[in-house]
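Working through the structure, step by step
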Amino acid sequence: MTNHLFHGLMQKGLAAPERPFAVLPDGAVTSYGDLDARSARFAAVLKEAGVVPGDRVAVQVDKSIEALELYLATVRAGAAFLPLNTGYTPAEIDYFLTDATPRVFVCDPKAEATLAPIAEKAGAVLMTLGKAGSSGEAAGTLRARAEAADADFEPVDRGPDDLAAILYTSGTTGRSKGAMLSHANLLSNAQVLRETWAFTEDDVLLHALPIFHTHGLFVATNTTLVAGGSLIFLAKFDLDTVFAELPKATSMMGVPTFYTRMLTDDRLNREATAHMRLFTSGSAPLLADTHVAFEQRTGQRILERYGMTETNMNTSNPYDGERRAGTVGFPLEGTELRIVGKEDGKSVADGEIGVIEVRGPNVFQGYWNMPEKTAAEFREDGFFITGDLGMIDADGYVVIVGRDKDLVISGGYNVYPKEIEQIIDELPGVVESAVIGVPHPDFGEGVVGVVVAKEKLEEAAILAPLHDQLAKYKQPKRILFVDELPRNTMGKVQKNLLRDAYSDLFS
Ligand code: MLC
Ligand code: AMP
C-alpha cells in the first residue's frame with residue numbers, strides 16, 4: 001500500500017536504514033531504520049487507541065526525536081498531525097482541542113493533570129510523552145505502550161489529496177484557524193526545496209528551530225528526510241550549543257533572530273563557518289543590514305526565502321546566482337506568484353506594490369471547519385491571497401514591503417493584535433486598547449499594548465492577567481497608557497501613527 005507522504009519522505013531512508021537521521025549533542029544517534037521502526041510502533045499505538053484515517057492527532061510536547069517519530073507515525077496511520085506550540089496555555093489548548101476534536105491528544109506528563117479535563121471534554125484519548133531520555137512515569141504512557149506494540153505496522157493507504165497535517169495560525173478576528181495541508185502539499189514542497197537548495201544525503205542540518213511550526217517541522221525536517229540527509233537536533237536555539245555543533249554541520253536554517261544573535265557573538269567568523277554550504281532565513285523579514293553584516297563577518301550570503309503556514313514555501317533566493325539582500329528571491333518551481341491591487345484584485349505593473357497572491361501544489365486545502373473564511377481568502381482562479389504586500393523588482397526578485405494584515409512577527413512567531421486587544425479590553429478600568437509591533441533589536445518586532453484607561457493603572461495590572469491566557473511570546477513586552485487612540489475619519493485606529501510614535505521604544 002502507498003502512503004503518499006510517508007513513502008515519499010522515507011524513500012531514501014528506507015533504502016539505507018543504517019544511515020543516521022538525527023544526532024543529539026550527547027552523541028545519541030537515531031538511524032533511518034530506528035525512525036522507521038519506532039514510528040511503526042507509535043502508529044500501532046494510535047491505531048489501538050481508535051485512530052482511523054482522517055482523524056486528528058494533536059500534540060503539545062517538548063522538542064524531541066520521539067515527537068518527530070510521532071509525526072511520522074500519525075501520517076503512517078493515515079491521520080492528520082496537529083502540533084501545538086509548547087508555550088500555549090491551557091486556555092489556548094482548550095480552543096484548539098474543541099475546534100479540531102482530535103481522536104488522540106499527546107501532552108507532556110507534567111501537564112497531564114491540568115490538560116486531562118480539557119482532553120476529556122473534547123472527546124480525545126489522552127497520552128503523554130516525556131523528555132527524551134526520561135524513564136518511568138516521566139517517559140509517558142505513549143512510549144510504554146509502544147514497547148508492547150507491533151513493529152510491523154503497514155502504512156495506511158493515503159493519496160496526494162488526503163489530509164496530512166493541520167497547523168493553527170492566528171486570524172485577524174482573533175480566532176485561530178486550522179490550515180489543512182495535504183500529503184501532496186507537504187511532499188511537493190520538500191522535493192522542490194531539496195532541488196532548489198541542493199540538499200543531498202551528505203547534508204547535516206543544524207536544527208535549532210521548534211518543531212510545532214512549518215519552518216522547523218516541514219522546511220527543515222521534511223527537506224532533510226527527502227534528501228536522506230541528517231539532522232543535528234538541538235532542543236532549542238542556544239548560542240553555546242550552536243557554536244559547539246556548527247563544525248559538524250553543512251547547513252543551517254533559522255529565523256532572523258538566530259542570525260542577529262549570532263552576530264552579537266565573537267565566535268562568529270570566517271573560520272567557524274568556512275565549511276558551511278548554506279545558511280537560510282525566513283518566517284520574518286531579514287534586514288538587509290543583517291544580511292550584509294553576516295557576509296562581512298563570515299563571507300556567507302544568507303539565502304532568504306518566503307513562506308507561510310498556509311502555503312509552505314513560495315519563493316527563494318537562488319542557490320547558485322545572486323542572493324539579493326532585502327528580497328525573497330523568485331517563485332519556487334511549480335508555484336505561481338502575482339502582485340495585485342488591493343481594491344480591484346488586478347495585477348499591477350512590475351515595480352508597483354500590491355498584495356502577494358500565490359497558486360501551486362504547495363497551497364493548502366482550506367481552513368478546518370471554516371468554509372467561509374477559506375472562500376474569502378481564495379480568488380476564483382485558485383490564487384490564495386497571502387495578505388503580504390510586495391513588489392517584483394526589475395530582475396524578477398520578489399520584495400516584501402509590508403503586510404496588509406494586522407500581524408506582528410516576533411522572533412518568527414506570529415502575533416495577531418486582535419486576540420490580545422480582546423482580552424485587554426475586558427480588564428477592569430480599561431476603555432480600549434491597540435496592540436502594535438515596533439522594531440526590537442532581538443525579536444525584529446516587539447509586541448506593545450497601547451491602552452486607554454478610565455483610571456490610573458500600572459503596567460502590571462494589564463500584564464498580570466494575560467499570563468494565564470496567552471503564550472509568553474504573545475504577551476506585550478510593554479504597556480503604554482494614552483488619553484486616546486488616534487483615529488481616521490472613518491473611526492479606524494491609526495496603528496501606523498502609534499508605530500511611528502513608539503518606534504524607538506526598544507532601541
Ligand atoms: C521567547 N520569548 C519571546 C519569543 N521567544 N518573546 C517574543 N517573541 C519570541 N519569539 C520570550 C521568552 O518567553 C522570555 O520571556 C523572553 O522572551 C526571552 O526569552 P529568550 O530566552 O531570549 O528566548 P528564546 O527561548 O531564546 O527564544 C527566542 C527564539 C525563539 C527566537 C530562539 O522564539 C524561536 O525559536 N523562534 C522561532 C520561531 C519559529 O520557528 N517560527 C517559524 C514559524 S513558521 P521571559 O519573560 O520568561 O524572560 C512560518 C512560516 C515560514 O513563519 O515562512 O517559515
Ligand atoms: P506564519 O503564519 O507563521 O506561517 O507566518 C507567515 C508570514 O510570515 C508570512 O505571511 C509573512 O508575513 C512572514 N514571512 C515569512 N517569511 C518571510 C520573509 N522571508 N520575509 C518577510 N516576511 C516573511
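Source: prediction; values computed, not measured.

Around ligand 2, the surrounding shell holds 17 residues, and the nearest of these are Arg305, Thr309, Asp388, Lys405 and Asn414. Arg305 has a polar backbone atom sitting 2.7 Å from a nitrogen atom of ligand 2. Within the side chain of Asp388, an N or O atom sits 2.5 Å from an oxygen atom of ligand 2. For ligand 2, the protein covers 93% of the area, taking 500 Å² as the surface of the free molecule. The biggest single contributor to the shell around ligand 2 is strand 13 (residues 303-308), with five residues. In the shell around ligand 2, the residues fall into seven nonpolar, five polar and five charged.

Before going further, it helps to examine the site of ligand 1. Contacts to ligand 1 come from 24 residues, most closely from Arg261, Ser283, Arg305, Ser410 and Lys472. Within the side chain of Ser410, an N or O atom sits 2.5 Å from a nitrogen atom of ligand 1. Within the complex, the protein chains bury 74% of what would otherwise be the 1,000 Å² of accessible surface of ligand 1. Elements supplying a minimum of two residues to the shell around ligand 1: helix 8 (214-227), helix 10 (256-263) and strand 13. In terms of residue class, the shell around ligand 1 is built from 10 nonpolar, nine polar and five charged. Both of domain 2 (255-403) and domain 3 (407-501) provide at least three residues apiece to the shell around ligand 1.

As a further point, take the nonpolar core. Nonpolar side chains in soluble globular proteins generally cluster together in the buried interior. Within the largest apolar cluster, 103 residues are counted, with the highest numbers of intra-cluster contacts made by Leu9, Leu70, Tyr71, Val106, Met252, Met262 and Phe279. Counting only domains with at least three residues in this core, you end up with domain 1 (4-12 + 31-182) and domain 2 (255-403). Leaving out residues up to four positions away in the same chain, Met262 has contacts with Phe237, Leu239, Val242, Phe243, Leu246, Met252, Leu268 and Phe279. In this structure, Ala100, Ile420, Leu427 and Leu470 belong to the second largest nonpolar core, which totals 39 residues.

For the rest of this paragraph, the subject is the environment of Val192. Residue placement: Val192 occurs in helix 7 (residues 183-196). With relative accessibility at 13%, the residue Val192 sits in the buried group. With 167 residues separating them in the primary sequence, Val192 and Pro25 have C-alpha atoms 29 Å apart. Excluding residues within four positions of it along the chain, Val192 makes contact with Leu332 and Glu333.

Another aspect to go through is the environment of Gly396. With respect to the element layout, Gly396 can be found in the loop between strand 19 (384-392) and strand 20 (398-403). Gly396 gets classed as partly exposed once you look at its relative accessible area, which sits at 23%. Residues Gly396 and Phe330 lie 66 residues apart in sequence; the distance between their C-alpha atoms is 6.8 Å. When near neighbours in sequence (up to four residues on either side) are disregarded, Gly396 contacts Gly329 and Phe330.

What follows covers the packing of aromatic side chains. Two aromatic rings, taken as a pair, are described by how far apart their centres are and by the angle between their planes. Evaluated as defined, the whole model comprises 18 aromatic pairs. Among the aromatic residues, those joined into a ring-pair cluster are Tyr88, Tyr95, Phe96 and Tyr168. Across from the ring centre of Phe199, 4.8 Å away, lies the NZ or CZ of Arg277, which sits over that ring. Taking the ring centre of Phe383 as reference, the NZ or CZ of Arg338 above it sits at 3.7 Å.

On to the domain arrangement of the protein chain. Each assigned domain of the protein chain is listed here: domain 1 (4-12 + 31-182), domain 2 (255-403) and domain 3 (407-501). Centre-to-centre, using C-alpha coordinates, domain 1 lies 33 Å away from domain 3. If you look at the interface, domain 1 gives 11 residues, while domain 3 gives 13 residues. Taken together, the links from domain 1 to domain 3 amount to one salt bridge. Residue Glu92 pairs with Lys474 through a salt bridge whose shortest N-O separation is 2.5 Å.

Cut-off values and rules
- Residues numbered from 1 in each chain as written.
- Chains lettered and ligands numbered in written order.
- Predicted model: local features only at pLDDT ≥ 70, side-chain atom pairs only at ≥ 80, totals over all residues.
- Heavy atoms only, no water.
- Near = heavy atom within 4 Å.
- Polar contact = N/O pair within 3.5 Å; in protein donor to acceptor, adjacent residues only side chain to side chain.
- Areas by Shrake-Rupley, 256 points an atom, 1.4 Å probe, with all protein chains shown as cover.
- Helix = DSSP H or I, 4+ residues; strand = E, 2+ residues; numbered from the N terminus.
- Nonpolar A, V, L, I, M, F, W, Y, C, P; charged D, E, K, R; others polar.
- Domains from an automatic or database assignment.
- Core = buried A, V, L, I, M, F, W, Y, C linked by side-chain atoms within 4.5 Å.
- Buried < 20%, exposed > 50% of the residue type's maximum accessible area, 1.4 Å probe, protein only.
- Contact = heavy atoms within 4.5 Å.
- Phe/Tyr/Trp six-rings, centres within 6.5 Å; stacked < 30°, edge-to-face > 60°.
- Lys NZ or Arg CZ within 6 Å of the ring centre and 35° of its normal.
- Salt bridge = Lys/Arg side-chain N within 4 Å of Asp/Glu carboxyl O.

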